[in-house]
Amino acid sequence: MTRVLVVDDDFMVARLHSRCVAATEGFTVAGVAHSGAEALRAAELLRPDLVLLDVYLPDMDGLTVLRELRARDPRHQVDALFITAARDAHTIRTALRSGALHYLIKPFHQSALQEQLRHIGALRHRLNGLDETSQEASQEDVDQIFGTRPPGSRELPKGLAQHTAELVERVLRQHPEGLSASECAAAGELSRVSARRYLEYFAETGRADITLRYGGTGRPERRYRWLA
């Protein structure tokens, strides 16, 4: 589970963000803070993995909070996702250079926050997998973590073809509501086995998410939705 500290001076906004975090698979709310000082104390006590951080706080700005978090304990490099109404270029540039994973401008639909959380979860999963297996990162790993290549230029695993990957991506983009492997296969004129391989690849690399649809009997149906 990714443990999240929610930081916002507005109690209702903090509550909404907390509900969104709690509703996202793989994430849990470790704590809530309403000022910079509270955030620093909570981070020291709770050791969260991720901080949802507003820029406008009553005692110090969120950028200062992130710098303090990084300086106080260099070994515990907590990740940060800014959620704020600040939209000037200087603030956005500073957040980026401070190491923020992303920057959401208020107001936004809660689905945008969940999408970013799922993306962060996929990145953490990839990094943890590299740590646990002590394997060296491939260029695909690095590109996915840093987001440095356009989707069409990403290196595919052995056995997957670029033109088929582009076809499956196109089918996913045309069905924003999501679809099953069987539906994708039919739309792209592929075999179900082949379609599922590409769908699972996109899910593993954080470009698609998976939801389960439960029917009357048997296994739940896996449905895929494009994210990237």
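Note that the structure is a prediction, hence the values are computed from the model and not measured.

Here is what the cut-offs are and how they apply
Residues numbered from 1 in each chain as written. Predicted model: local features only at pLDDT ≥ 70, side-chain atom pairs only at ≥ 80, totals over all residues. Heavy atoms only, no water. Helix = DSSP H or I, 4+ residues; strand = E, 2+ residues; numbered from the N terminus. Buried < 20%, exposed > 50% of the residue type's maximum accessible area, 1.4 Å probe, protein only. Contact = heavy atoms within 4.5 Å. Areas by Shrake-Rupley, 256 points an atom, 1.4 Å probe, with all protein chains shown as cover. Polar contact = N/O pair within 3.5 Å; in protein donor to acceptor, adjacent residues only side chain to side chain. Phe/Tyr/Trp six-rings, centres within 6.5 Å; stacked < 30°, edge-to-face > 60°. Salt bridge = Lys/Arg side-chain N within 4 Å of Asp/Glu carboxyl O. Pairing = 2+ DSSP bridges. Axes fitted to C-alpha atoms, helices over the stretch in contact; angles between N-to-C directions. pLDDT = per-residue confidence, 0-100. Parallel < 35°, antiparallel > 145°, perpendicular 65-115°, else oblique. Left-handed = near helix turned anticlockwise from the far one by under 90°. Right-handed = clockwise from strand over helix to strand, strands pointing away.

### Topic: the overall build of the protein
A tally of regular secondary structure across the protein gives nine helices and eight strands. Residues counted as buried form 43% of the 228 residues belonging to the protein. Sequence separation of 24 or more characterises 58% of the internal contacts of the protein that already satisfy a separation of 6 or more. Roughly 12,600 Å² of accessible area belongs to the protein as shown, and the carbon and sulfur atoms make up 52% of that amount.

### Here we look at the side chain of Arg-223
With respect to the secondary-structure elements, Arg-223 resides in strand S8 (residues 221–226). Judged by its relative accessible area of 10%, Arg-223 is buried. A polar contact is formed between the side chain of Arg-223 and the backbone oxygen of Gly-178, at a distance of 3.0 Å. At 3.1 Å, the side chain of Arg-223 and the side chain of Glu-183 are in polar contact. Not counting the four nearest positions on each side in its chain, Arg-223 is found in contact with Gly-178, Leu-179, Ser-180, Glu-183, Asp-209, Ile-210, Thr-211 and Arg-213.

### Here we look at the packing of aromatic side chains
Using the criterion set out here, one finds three aromatic pairs in the structure. For the pair Phe-82 and Tyr-103, a centre-to-centre distance of 6.1 Å together with 35 degrees between the ring planes defines the contact as tilted. You can see Phe-82 sitting in strand S4 (residues 79–84) and its partner Tyr-103 sitting in strand S5 (residues 102–105), a full 21 residues away along the chain. The pair Phe-82 / Tyr-103 is uniform in exposure class, with both members buried.

### Quick look at the pattern of salt bridges
Going through the model one piece at a time under the given rule, you end up with 13 salt bridges. The partner of Lys-106 in a salt bridge is Asp-54, with the nearest N and O atoms 3.4 Å apart. Of this pair, Lys-106 sits in the loop between S5 and helix H5 (110–133) while Asp-54 sits in the loop between strand S3 (50–53) and helix H3 (62–72), and the two are 52 residues apart along the sequence. A salt bridge links Glu-200 to Arg-196, with the shortest nitrogen-to-oxygen separation between them at 3.8 Å. Separated by four residues within a single helix, Glu-200 and Arg-196 lie in helix H9 (residues 192–204), roughly one turn from each other. For Glu-200, a relative accessible area of 17% translates into the label buried. Take Arg-196: its relative accessible area is 29%, and that puts it in the partly exposed class. In the salt-bridge network here, residues are joined through shared partners; they are Glu-183, Arg-213, Glu-221 and Arg-223.

### Observations regarding the sheet that holds S5
Here we have five strands laid out as an open sheet, ordered S2-S1-S3-S4-S5, and parallel in their pairing. The outermost strands of the open sheet, each flanked by one partner alone, are strand S2 (27–33) and S5. Each strand of the sheet is rotated relative to its neighbour by a mean of 20 degrees, with strand direction disregarded. Examined bridge by bridge, strand S1 (residues 2–7) and S2 share six bridges and lie parallel to one another. In the sheet register, Arg-3 faces S2, and the bridge partner there is Thr-28. Against the sheet, helix H1 (residues 11–22) contacts S1, S2, S3 and S4, and its axis sits at roughly 160 degrees relative to S2.

### Focus on the confidence of the model for the protein
Residues at a pLDDT of 70 or more form 89% of the protein, whose mean pLDDT is 87. Counting interchain partners and residues more than four positions distant, the pLDDT-below-50 stretch residues 148–153 has eight contacts.

### Describing the packing of helix H7 (residues 162–173) against helix H8 (residues 181–188)
Across the interface, H7 lies against H8 with an axial gap of 10 Å and an inter-helix angle of 110 degrees. Accordingly, the angle class assigned to the pair H7 and H8 is roughly perpendicular. In this structure, H7 crosses over H8, and the sense of that crossing is right-handed. Each of Leu-167, Val-168 and Val-171 in H7 lies in contact with H8, whose residues at this interface are Cys-184, Ala-187 and Gly-188.

### Overview of the sheet that holds S8
Spatial strand order, S6-S8-S7: three strands in an open sheet with antiparallel pairing. Of all the strands in the sheet, just strand S6 (179–180) and strand S7 (208–213) have a single pairing partner and so form its edges.

### Digging into the pairing of S3
Here S3 shows two buried faces, one formed by Leu-50 and Leu-52 and the other by Val-51 and Leu-53. Where S1 and S3 come together, four bridges link them in parallel fashion. From the neighbouring strand, Val-7 faces S3, where its bridge partner is Leu-53. Sheet topology note: the S3/S4 ladder contains four bridges and is parallel. Considered in S4, the bridge of Val-51 is made with Ala-80. Between S3 and its parallel partner S4, the chain crosses via H3, and the hand of that crossover is right-handed.

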